[in-house]
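What follows is the residue order along each chain.
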Amino acid sequence: MRIKWIRVVLLISLVLVKVSPANSQNHDQTMNHTHTNHLIKENSPYLLQHAHNPVNWYPWGAEALTKAKNENKPILVSIGYAACHWCHVMERESFESEEVAKLMNEFFVCIKVDREERPDIDQIYMDAVQMMTGSGGWPLNCFAMPDGKPFFGGTYFPADNWMNVLKGIHNAWINEQDKVKKVAGQLAGGIRENEIIAVKAEVSRFAAADLEKAFRQWESEFDSREGGNNWAPKFPLPNSLQFLLRYYYFTKNQPALNHVTLTLDKMAMGGIYDQVGGGFARYSVDAIWKVPHFEKMLYDNGQLVSLYAEAYQLTKIPEYKQVIQQTLEFTDRELSLPEGGFYSSLDADSEGVEGKFYVWEKSEVDQLLGSQSELFCEYYGITDRANWEEGNILMIQTDKKALADKYEISVKKLDEVLEKGRRALLERRKDRIRPGLDDKSLTSWNALMLKGYVDAYKALGDEKYLNRAIKNAEFIQKYLWKGKAHLHRNYKDGNSKINGFLDDYSFTIEAFTALYQATFNEKWLLKANDLLGHVILHFSDEQSGMFFYTSDEDPNLIARKMELIDNVIPSSNSSIAKSLFLVGSYLGNSRYVERSAQMLANVKPRLEKSLSYHSNWGQLYFWLANPLIEIVVAGEDAIVQKRKIEELFLPNVLISGSKTESSLPLLQNRYVNGQTTFYLCKNNTCKLPVTKVGDLLKQLEAENGKQ
């Protein structure tokens, strides 16, 4: 198959070299709104950014596709997102150029796609570009037949190169259309083949020991000095690190835990973490977490809060608590809608310069902090020369105890100085021109942050985090929930119009299940079950037991994709498989649990070959390999008493409870009037009930000691 794709690339390359390179020219690219295209009616901030380009952009839909077929023109599908730095660069260089736009409008039907609103479209054309070039990214620019089948694509193109590409593709379409159609057919076939998964007729036994070989292979990729993987750029990979926490918990493998804490320490000290305002950037361009790609995404920060919360439960490292608190302060301050939802992202750029909002000149810090500036600057590595091309990126450079000793103060006094300085810089930053805000809300990303707030509440016990999670769940219910259990993908200014995808459902189910665990309010568990029923009805692949990314209610694309690989965000199939297990366990639905096991069995060969890209599946693996311990808390004091349980890291525990009688299978006949009772059960066998949480914890310790 690889040889076939090489032939595809060579064919397109031969077509392109028939065009002579154009002379480089400068063009006026100022935005004067003399042009308005079909994007003007869209809600997406990214699409609206392009609404006044001279390119005659269309949104994805029947109008553009029909036009391409009627005029027999190829489609140019250009995909990006609002916080994407290189998307903005290509817009300035090419899409705002009258000369470039003339070629685009004459030769193609041009479609702009916000990848965050339409990940289903992005998946198809990203697959195509990766097959052709071996890599991908955004901006993503893909040329397709009028029916949507791709035949050539790439990522960022400088303006002169882009014009050559436009002319070359047009020449191929006019003079060698049969070859182009052949390439499109081959690529479409390859995209569909990617969705084929072998179905395991029998569900095999799952054992934690079977993962040791896969872990050793993954361990060889660890950066033992800076954390993360041993290459750059470095992305935070929350679900991978969450798997390693569980791997340590179940196997007592100390290197796994050491790698997690090293990575979390280094990220929290680095430039990828906003030392002034809290929250994480999308990734670090270097191997030491120093220089971030400054865009801040909701999905990263939601997952990282959950990760640091779990790590804090396990280790009680105080810096992790601070990261959680500051990141949620950032979320409340800069990514929160009045209605209770969360915005999507902050741009990397402000005033057309990447990172300008976040970096500092030493003279400005000196002026702000006066006599305390020297200490502050030494701690964060702020120098007159600056540590980056645009200024100083704040990055923790020294040990607190050593610095306190040097300045002959206590660590407590040092913390006070640093916090006062941080607050002063944050206040001054309010006067700067802010990065662009992508103010749409996405259901799946909101659910990830909702769960982050729940996990922060469990770890730290702060009621305001639980209240914020409930407020967000109510937002999803009010603005994104349609009918009994139909979710929409997006919300902005009162509008939501895109059908939900599998991750919208799966992450919301996970978040609502977590909210039930935190509140014992059964409505959240029942709503999760309603959503799960909708998924089974409209997303199922009956042959394999897996789930498609798109609903059968959506218009057909050239392939119906199926997410299996866990990456920066867990795959929607691994997420829904975990929910089948959890909801099935709570509601006594054995069919859910059996389907979850079937899904994992299908993926098991892939997981054993590449554990790092199936780490969320790996979390499910532990649940199926080690029977869960069920803890029930029943009685008027149930909510208060469970706090002493959930502040611990217990990935093998399923907790449920109620302040009154309940009909849930785990709670039936467990309520005793006038007292709070604790039950610990495993493999359908229960310990004697106890009335003190300390006695329950002793039972739990004894049970875990047997593993």
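Just above sits the structure.
A brief look at the structure comes next. Along each chain, residue indices are assigned from 1 in the same order as the chain's sequence is written. Where totals are concerned, whole chains, interfaces and linings use all residues; where local detail is concerned, this predicted model gives features only for residues with pLDDT of at least 70, and gives and counts side-chain atom pairs only at 80 or more. Values shown for side chains rest on all heavy atoms present in the structure; no hydrogens or waters enter the calculation.

**Section: the overall build of the chain**
At step 1: Within the chain, the regular secondary structure consists of 26 helices and 20 strands.
At step 2: On C-alpha atoms alone, the chain measures out to a radius of gyration of 27 Å, which is about the 27 Å that the 2.2 N^0.38 rule sets for 707 residues.
At step 3: Burial here depends on accessible area, computed with a 1.4 Å probe over protein chains only, as a share of the maximum for the residue type. Under 20% is buried, over 50% is exposed, and the range in between is partly exposed. Looking at the chain as a whole, 60% of its 707 residues qualify as buried.
At step 4: The long-range share in the chain, meaning contacts at least 24 apart out of those at least 6 apart in sequence, stands at 70%.
At step 5: About 28100 Å² of surface is accessible on the chain, with carbon and sulfur atoms providing 49% of the total.
At step 6: Only four residue types enter the charge count, namely Lys and Arg as positive and Asp and Glu as negative; His and the chain termini do not. Charged groups are reduced to one reference atom each: NZ for lysine, CZ for arginine, CG for aspartic acid, CD for glutamic acid. Positive and negative side-chain charges in the chain, numbering 82 and 90 respectively, have mean positions lying 3 Å apart. Counting from the N terminus, the helices are the DSSP runs of H or I reaching at least four residues and the strands are the DSSP runs of E reaching at least two. Only C-alpha atoms enter the radius of gyration, while the globule expectation follows 2.2 Å times N to the 0.38, with N the number of residues. Residue contacts are defined here by distance: any two heavy atoms, one from each residue, within 4.5 Å place the two residues in contact. All accessible-area figures derive from a Shrake-Rupley calculation using a 1.4 Å probe, and residue coverage is judged against the displayed protein chains alone.

**Some details on the packing of aromatic side chains**
At step 1: Paired rings are identified among Phe, Tyr and Trp, the last through its six-membered ring, by centres lying within 6.5 Å, and are further divided according to the angle between planes into stacked (under 30 degrees), edge-to-face (over 60) and tilted (the rest). For the coordinates displayed, the defined rule picks out 44 aromatic pairs.
At step 2: Taken together, the ring pairs in this structure connect Phe215, Trp218, Phe222, Phe243, Tyr247, Tyr249, Phe250, Phe622 and Phe649 into an aromatic cluster.
At step 3: Cation placement over rings: the criterion is NZ of Lys or CZ of Arg within 6 Å of the ring centroid and within 35° of the ring normal. Taking the ring centre of Phe520 as reference, the NZ or CZ of Lys642 above it sits at 5.7 Å.

**So, the side chain of Ser94**
At step 1: Structurally, Ser94 is set in helix α4 (residues 85–95).
At step 2: If we ignore the near neighbours within four places in the chain, the residues touching Ser94 are Val100, Ala101, Phe157, Ala159 and Trp162.

**Some remarks on the sheet that holds strand β19 (residues 677–682)**
At step 1: Two strands make a pair as long as DSSP finds a minimum of two bridges between them. Strand order in the open sheet formed by four strands is β18-β17-β19-β20, and the pairing between neighbours is mixed. Since the sheet does not close on itself, it has two edges, and those belong to β18 (653–658) and β20 (685–686), each with one partner.
At step 2: Taken together, the six bridges between strand β17 (residues 629–634) and β18 define a ladder with parallel strand orientation. From the neighbouring strand, Glu630 faces β18, where its bridge partner is Leu654.
At step 3: Against the sheet, helix α25 (residues 638–646) makes contact with β17, β18 and β19, and its axis sits at roughly 145 degrees relative to β17, the strand it touches most. Each axis is a line fitted through C-alpha atoms, taken for helices only over the stretch in contact, and angles between the N-to-C directions span 0 to 180 degrees.

**Points about helix α8 (residues 177–193)**
At step 1: Here a helix's expected span is defined as the number of its residues, less one, multiplied by 1.5 Å. A rise of 1.5 Å per residue sets the reference length of α8, with its 17 residues, at 24 Å; its end C-alpha atoms lie 24 Å apart and thus fit the reference within 8%.
At step 2: Restricting attention to buried positions, one finds in α8 the residues Gln177, Val180, Val183, Ala184, Leu187, Ala188, Gly190 and Ile191. The arc that holds the buried residues of α8, viewed along the axis, is 160 degrees, so those residues lie on one side. Relative to its buried face, α8 has exposed residues pointing more than 90 degrees away, namely Asp178 and Lys182. Arc definition: directions from the helix axis to the C-beta atoms.

**Considerations on the packing of helix α14 (residues 362–369) against helix α15 (residues 373–380)**
At step 1: Two elements in contact, α14 and α15, have axes separated by 9 Å at closest approach and are oriented at 140 degrees. When the axis of α14 is compared with that of α15, the two are oblique. In the crossing of α14 with α15, the sense of the turn from one axis to the other is right-handed. Together, Lys362, Val365, Asp366 and Leu369 of α14 and Ser373, Phe376 and Cys377 of α15 make up the contact between the two elements. Angle categories are assigned with fixed cut-offs, so that under 35 degrees is roughly parallel, over 145 is roughly antiparallel, 65 to 115 is roughly perpendicular, and the rest are oblique. Rotating anticlockwise by less than a right angle from the far helix to the near helix defines a left-handed crossing, while the corresponding clockwise rotation defines a right-handed one.

**Focus on empty space enclosed by the protein**
At step 1: Note on definitions: the grid is 1 Å and covers protein atoms alone; a cavity is a set of points where a 1.4 Å probe fits but cannot get out; a pocket is an open set with protein on both sides within 12 Å along at least five of seven lines; lining residues have an atom within 4 Å of a point. Grid points are joined across faces, edges and corners, and a volume is the space filled by probe spheres set on the points. A complete count under the given rule lists two cavities of 30 Å³ or more for this structure.
At step 2: The volume enclosed by the largest cavity comes to roughly 770 Å³.
At step 3: Around the largest cavity, the lining is made up of 35 residues, and of these Arg246, Glu310, Lys451, Asp455 and Lys458 lie nearest the centre.
At step 4: When residues of the lining of the largest cavity are traced back to their parent elements, those giving at least two are α10 (238–251), α12 (298–315), α18 (443–460), α20 (502–519), α22 (572–587), α24 (615–625), α25 and β18.

**Digging into the layout of surface pockets**
At step 1: Approximately 610 Å³ is the volume attributed to the second largest pocket.
At step 2: Of all the secondary structure elements, the ones that give two or more residues to the lining of the second largest pocket are α3 (62–71), β3 (109–114) and α6 (119–133).
At step 3: For the lining of the second largest pocket, the residue count by class is 14 nonpolar, four polar and ten charged. Ten residues, namely Ala, Val, Leu, Ile, Met, Phe, Trp, Tyr, Cys and Pro, are considered nonpolar, four, namely Asp, Glu, Lys and Arg, are considered charged, and the remaining ones, Gly among them, are considered polar.

**So, the state of the cysteines**
At step 1: Pairs of cysteine sulfur atoms within 2.5 Å are what we label disulfides. Tallying each qualifying case throughout the model produces two disulfides.
At step 2: Residue pairing for Cys84: its cysteine sulfur links by disulfide to Cys87, the two sulfurs lying 2.3 Å apart. Sign of the S-S torsion, about 80 degrees for the bond between Cys84 and Cys87, identifies this disulfide as right-handed.
At step 3: Here Cys681 is linked by a disulfide to Cys686, with a sulfur-sulfur distance of 2.0 Å.

**Things to note about the sheet that holds strand β9 (residues 345–346)**
At step 1: Read from one edge of the open sheet, three strands run β8-β9-β12, paired in antiparallel fashion. The two strands at the open ends of the sheet, each matched to only one other strand, are β8 (296–297) and β12 (437–438).
At step 2: Here β9 runs beside β12; their pairing, made up of two bridges, is antiparallel. Directly across from Ser345, in β12, lies its bridge partner Asp438.

**Here's the deal with the environment of Met145**
At step 1: In this fold, Met145 is placed in the loop between β4 (140–144) and β5 (150–154).
At step 2: Assessed through its relative accessible area of 8%, Met145 is described here as buried.
At step 3: The sequence separation of Met145 and Pro74 amounts to 71 residues, and the corresponding C-alpha distance is 4.9 Å.
At step 4: Here Met145 is in contact with Ile75, Phe151, Trp173, Val180, Lys181 and Ala184, once residues within four sequence places are set aside.

**Things to note about helix α9 (residues 212–219)**
At step 1: Every buried residue belonging to α9 is among Ala214, Phe215 and Trp218, and all of these are buried. Down the axis of α9, the sector holding all buried residues measures 100 degrees, keeping them to one side.
At step 2: For α9, the secondary structure elements touched by its buried residues are α10, α11 (254–269), α23 (590–609) and α24.

**Quick look at unusual backbone geometry**
At step 1: Note that the residue after Trp138, namely Pro139, is joined by a cis bond; omega there is 5 degrees.
At step 2: Inspection of the secondary structure puts Pro139 in the loop between α6 and β4.
At step 3: Of the consecutive residues Ala232 and Pro233, the connecting peptide bond is found in the cis state with omega at 0 degrees.
At step 4: With phi around 60 degrees, Trp289 is a residue other than glycine that occupies positive phi space.
At step 5: Even without a glycine there, the phi angle at Glu408 is positive, about 55 degrees.
At step 6: Mapping Glu408 onto the fold places it in the loop between α16 (400–406) and α17 (411–429).
At step 7: Judged by its relative accessible area of 75%, Glu408 falls in the exposed class.

**Side note on a nonpolar patch on the surface**
At step 1: In this analysis, a patch consists of residues with relative accessible area above 30% that form no salt bridge, clustered at 9 Å for like charges and at 5 Å for the nonpolar side chains Val, Leu, Ile, Met, Phe, Trp and Tyr. Each salt bridge in this description consists of a side-chain nitrogen of Lys or Arg and a carboxyl oxygen of Asp or Glu lying within 4 Å of one another. A cluster of nonpolar residues, Trp231, Ile565 and Tyr613, forms a patch on the protein surface that exposes about 310 Å² of accessible area.
At step 2: Along the chain, Ile565 falls in the loop between α21 (522–538) and α22.
At step 3: Ile565 sits in the partly exposed class, given a relative accessible area of 49%.

**Let's talk about the nonpolar core**
At step 1: The biggest cluster of nonpolar side chains holds 210 residues, and the ones touching the most others in it are Met104, Tyr125, Phe143, Trp162, Tyr308, Trp617 and Ile631.
At step 2: Take the buried residues of types Ala, Val, Leu, Ile, Met, Phe, Trp, Tyr and Cys, join any two whose side-chain atoms come within 4.5 Å, and each joined set is a nonpolar core. The next biggest cluster of nonpolar side chains, apart from the first, holds 19 residues, and it includes Val365, Leu369, Leu375 and Tyr379.

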